[in-house]
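Chains, contacts and geometry: an overview
In case you want the letters, here they are:
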Number of protein chains: 2
Amino acid sequence: MQSLDTLASPPEAVSLVGVDWGTTQRRVYALSSGGALLRQQADADGALACKNRFAESLGAALLALQAHPTTVVLSGMVGSALGWVPVPYLDDHVALRDLPAHLHAVPRAVGQPPALIVPGYCLRDAHGQPDVMRGEETQLLGALLLGHGDGWFVLPGTHSKWVQLHAGRVVALRTYMTGELFDLLGRHGTLAAAAGTEAAPWDDGAFQDGLESAQHGALGQQLFGVRARVVCGDMPAAHARAYLSGLLIGAELHDVLRHSNGAAGAQSICLIGTPALAQHYLAAAAPLQMRFEVLDAQRAYVRALAHFQTSLGTP
Amino acid sequence: MQSLDTLASPPEAVSLVGVDWGTTQRRVYALSSGGALLRQQADADGALACKNRFAESLGAALLALQAHPTTVVLSGMVGSALGWVPVPYLDDHVALRDLPAHLHAVPRAVGQPPALIVPGYCLRDAHGQPDVMRGEETQLLGALLLGHGDGWFVLPGTHSKWVQLHAGRVVALRTYMTGELFDLLGRHGTLAAAAGTEAAPWDDGAFQDGLESAQHGALGQQLFGVRARVVCGDMPAAHARAYLSGLLIGAELHDVLRHSNGAAGAQSICLIGTPALAQHYLAAAAPLQMRFEVLDAQRAYVRALAHFQTSLGTP
């Protein structure tokens, strides 16, 4: 009689683990030697929560996924001054496909798999102003490998990143604090008071009104309109959050169109994100004649991990 | 022998008390029958703190000032939905000098001096968007009576109000959340983290850099530059607050110039505020060829109170 052990096919061995290690959240992906996603988990062990215990936290994540990888690749805020090891930014000379040659090895205890941090990018605009990203470069690499070439990309979120790729290089980067402003203004101060505390259903009309208002003035002035519309009876308090969202996303899209001289509107833009994040950008795009093509962020990330795996010769 | 009581001249009787009753702060002014300021006090019994006890709080303030006025005039958030009695906004048909005919009497207990609330204004822009003020109308009336006629006025603060007066009427109103954004972003989130927690001396150069950056893009994008400049080593963390201030005030001034078609730059602007508040606007004005004439907010307020006193025939 065969034992049950031999009847059940053994779990495929994990070759590489990738960690998308953000400020407050973390996603861990376990890949087979062929680059297929075997298992994943998400938790709240972000860089802030892991201060001084990154090695322990990584060990716990590997244990939870029953993963004994040959290599671990880390990206995101784990490489910032608030992270495990501060990794210097790359500049626009380094092509995305060449990222495997620029990984930063973290000192590890004997017997631990090597952990390699993907560096972020720092770019400067025509006025010499810097802008930075950490983590998004890995998703952009994945997008590139999945056939998304030259053009504009947006990675919405707490900090919405607009990136222009040309010949495999990052040539422009603009970060908008859209998500963070929505969160801060929804929780503190005058606009939070105007919106009230009751959970209200999302109102699409109010979102479109916010989009419309965004084109009429600077954000610092249009924001007060959230309160003015409520106290003047133009809008119920329950619509304030949707209106604020439309205002912030509208301000972002108008500025992108202005600063790309319309280029970001003339061609389809690759939006790398979750379906939930993409939804509001898609609703905002239509009246502005912008077109988004949505690429699942996780699919892009796993594709990039497979590129690291191949480039590093990970068994 | 004369008693000491008759040797000391008796305190001049208080005729009118005016209260500039804001959201979190309150200033109480006691005027003589000739409209001279006799005494004043400031405290933290703002509208939020006074919920359901406005009458008691006013009584305590009168007692503290040893004032037994014939009339009390209240302005500011005391007339809002969060205040003592919600007083409807006026529209631009009502001239500032006619405000005494639009005061709203608060029901009072027998024996208490009448309390009259000054209504605020609601104006709409060319797109039909509303904007509102409460409290500023009283200072604007005072400015008008002190000889500041047609033109632009700015009342900086938590919500910076830009007002255009023409023939004694408010014809344009734009509110910028400059002060509130500075406060929120300095206390919460990414920019607060970039600025660090150490109390740092103000840096004028960083303030000017912020002003300069404000012209290069939308606020939602330039704000992230505060962090980018710190992490890229362009700016020490200790300069982040001054840079942020320059960015916010610069965005405000650029938008005002744009929306007034330069009119707000061609002529002198009357800034109604405290010297401390005026300081940063004056520093921001020079590179933009804007000129501010500073009018002390308290002086304007007291002048308006004297107008109410005369118009009401207060003994």
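As a convention, each chain's residues are numbered from 1 in the sequence order in which they are written. Following the order in which they are written, the chains are lettered starting with A and the ligands numbered starting with 1. For a predicted model such as this one, the threshold for reporting local features is a pLDDT of at least 70, and the threshold for listing and counting side-chain atom pairs is 80 or more; totals across whole chains, interfaces and linings nevertheless cover every residue.

1. Let's talk about the overall build of chain A
What counts as a helix is a DSSP run of H or I of at least four residues, what counts as a strand is a run of E of at least two, and both are numbered from the N terminus. Counting its regular elements, chain A contains 12 helices and 13 strands. Radius of gyration here uses only the C-alpha atoms, and the compact-globule reference equals 2.2 Å multiplied by the residue count raised to the power 0.38. On C-alpha atoms alone, chain A measures out to a radius of gyration of 22 Å, which is about the 20 Å that the 2.2 N^0.38 rule sets for 315 residues. For the C-alpha atoms alone, the extent of chain A along its principal axes is close to 75 × 45 × 40 Å. Buried means a residue has 20 or more other C-beta atoms within 10 Å of its own C-beta, exposed means 12 or fewer, and partly exposed covers the counts in between; C-beta atoms are placed from the backbone. Across the 315 residues of chain A, 48% fall into the buried class.

2. Remarks on helix 4 (residues 178–187) of chain A
All names here are of chain A. Within helix 4, burial applies to Thr-178, Glu-180, Leu-181, Leu-184 and Leu-185. The buried residues of helix 4 occupy an angular sector of 160° when projected down its axis, which confines them to one face. Remark: Gly-189 follows helix 4 within two positions and exhibits a positive phi of approximately 80°. Here the arc refers to the set of directions running from the helix axis out to each C-beta atom.

3. As for the sheet that holds strand 6 (residues 115–117) of chain B
Residue and element names in this part refer to chain B. Within the open sheet, the six strands sit side by side as 3-2-1-4-6-5. Their pairing is mixed. Taken across any chain shown, the strands that pair with only one partner, and hence form the sheet edges, are strand 3 (37–43) and strand 5 (104–106). Strand-to-strand twist across the sheet, computed as the mean angle between neighbouring axes with direction ignored, equals 20°. Following DSSP output, two strands are said to pair if at least two bridges run between them. Strand direction decides the pairing type here: strand 2 (residues 26–31) and strand 3, joined by six bridges, are antiparallel. Across the sheet, Val-28 pairs through a bridge with Gln-41, a residue of strand 3. We call two residues in contact when the distance between their C-beta atoms, placed using the backbone, is within 7 Å. Simply put, an axis is a line fit to the C-alpha atoms, just over the touching stretch for a helix, and the angle between two N-to-C directions goes from 0 to 180 degrees. Against the sheet, helix 2 (residues 54–64) engages strand 1 (16–21), strand 2, strand 3, strand 4 (71–76) and strand 6, with an angle of about 130° to strand 3.

4. Let's talk about the interface of chain A and chain B
Taken residue by residue, the interface counts 39 residues in chain A and 39 residues in chain B. Of all the secondary structure elements, the ones that give two or more residues to the side of chain A that touches chain B are strand 8 (130–133), strand 11 (169–176), helix 4, helix 5 (189–195), helix 7 (219–222), helix 8 (224–231) and helix 9 (240–259) of chain A. We call Asp, Glu, Lys and Arg charged. Ala, Val, Leu, Ile, Met, Phe, Trp, Tyr, Cys and Pro are nonpolar, and the rest, Gly among them, are polar. Residue composition of the side of chain A that touches chain B, by class: 17 nonpolar, 15 polar and seven charged.

5. So, the sheet that holds strand 13 (residues 292–296) of chain B
Residue and element names in this part refer to chain B. Read from one edge of the open sheet, five strands run 11-10-9-12-13, paired in mixed fashion. Only two strands of the sheet have a single partner each, and these edge strands are strand 11 (169–176) and strand 13. Strand-to-strand twist in this sheet, taken as the mean axis angle between neighbours without regard to direction, amounts to 25°. One ladder, built from five bridges, connects strand 9 (residues 151–155) with strand 10 (residues 160–166); its direction is antiparallel. Paired with Leu-155 across the strands is Lys-161, a residue of strand 10. Helix 12 (residues 297–312) contacts strand 12 (269–273) and strand 13 of the sheet and is inclined by roughly 60° relative to strand 13.

6. Focus on the packing of helix 4 (residues 178–187) of chain B against helix 9 (residues 240–259) of chain B
When two helices pack together, their arrangement is given by the angle between the helix axes and by the axis-to-axis distance. Residue and element names in this part refer to chain B. In the contact formed by helix 4 and helix 9, the axes pass within 10 Å of each other and the chain directions differ by 150°. Between helix 4 and helix 9, the angle falls in the class roughly antiparallel. Between helix 4 and helix 9 lies a crossing of right-handed hand. Residues Thr-178, Leu-181, Phe-182, Leu-185 and Gly-186 of helix 4 lie in contact with helix 9, whose contacting residues are Arg-241, Leu-244, Ser-245, Leu-248, Ile-249 and Glu-252. Across the contact of helix 4 with helix 9, the residue classes break down as six nonpolar, three polar and two charged. With respect to orientation, any angle under 35 degrees is reported as roughly parallel, any angle over 145 as roughly antiparallel, any angle of 65 to 115 as roughly perpendicular, and every other angle as oblique. Each crossing gets its handedness from the near helix: less than a right angle anticlockwise from the far helix is left-handed, clockwise is right-handed.

7. Examining helix 11 (residues 275–285) of chain A
Residue and element names in this part refer to chain A. Turning to helix 11, its buried residues are Ala-278, His-280, Tyr-281 and Ala-284. End-on, the buried residues of helix 11 take up no more than an arc of 160°, which puts them together on one face. Seen from the buried face of helix 11, the exposed residues on the opposite side, beyond 90 degrees, are Pro-275 and Ala-276.

8. Things to note about the relation of the copies chain A and chain B
Once turned by 180° and shifted 0.0 Å along the axis, chain A lies on chain B with an RMSD of 0.0 Å. Those values place the two copies in the arrangement expected of a two-fold rotation axis. Across chain A, the smallest distance between a C-alpha and the rotation axis is recorded for Leu219(A), namely 3.3 Å. Both copies contact each other with a shared surface, as 100% of the interface residues of chain A are interface residues in chain B too. Superposing the copies works by least squares over the C-alpha atoms of residues that have pLDDT at least 70 in both of them.

9. Considerations on the pairing of strand 11 of chain B
Residue and element names in this part refer to chain B. As paired elements, strand 10 and strand 11 share seven bridges and run antiparallel to each other. Across the sheet, the residue bridging to Trp-162 is Arg-174, located in strand 11. In this structure, the hairpin formed by strand 10 and strand 11 is closed by a connection of two residues, where Ala-167 is found at a positive phi of approximately 50°.

10. Quick look at the confidence of the model for chain A
What pLDDT conveys is the predictor's confidence in a given residue, as a value from 0 to 100. In this model, chain A carries a mean pLDDT of 93, and residues with pLDDT of at least 70 account for 97%. Our summary of model confidence lists the complex with pTM equal to 0.92 and ipTM equal to 0.92.

11. Focus on the environment of Val85(B)
Residue and element names in this part refer to chain B. You can see Val-85 is positioned in the loop between strand 4 and strand 5. Remark: the alpha-carbon pair of Val-85 and Phe-54, spanning 31 residues in sequence, is separated by 9.5 Å. Setting aside residues up to four positions removed in sequence, Val-85 forms contacts with Gly-79, His-104, Val-106 and Ile-117.

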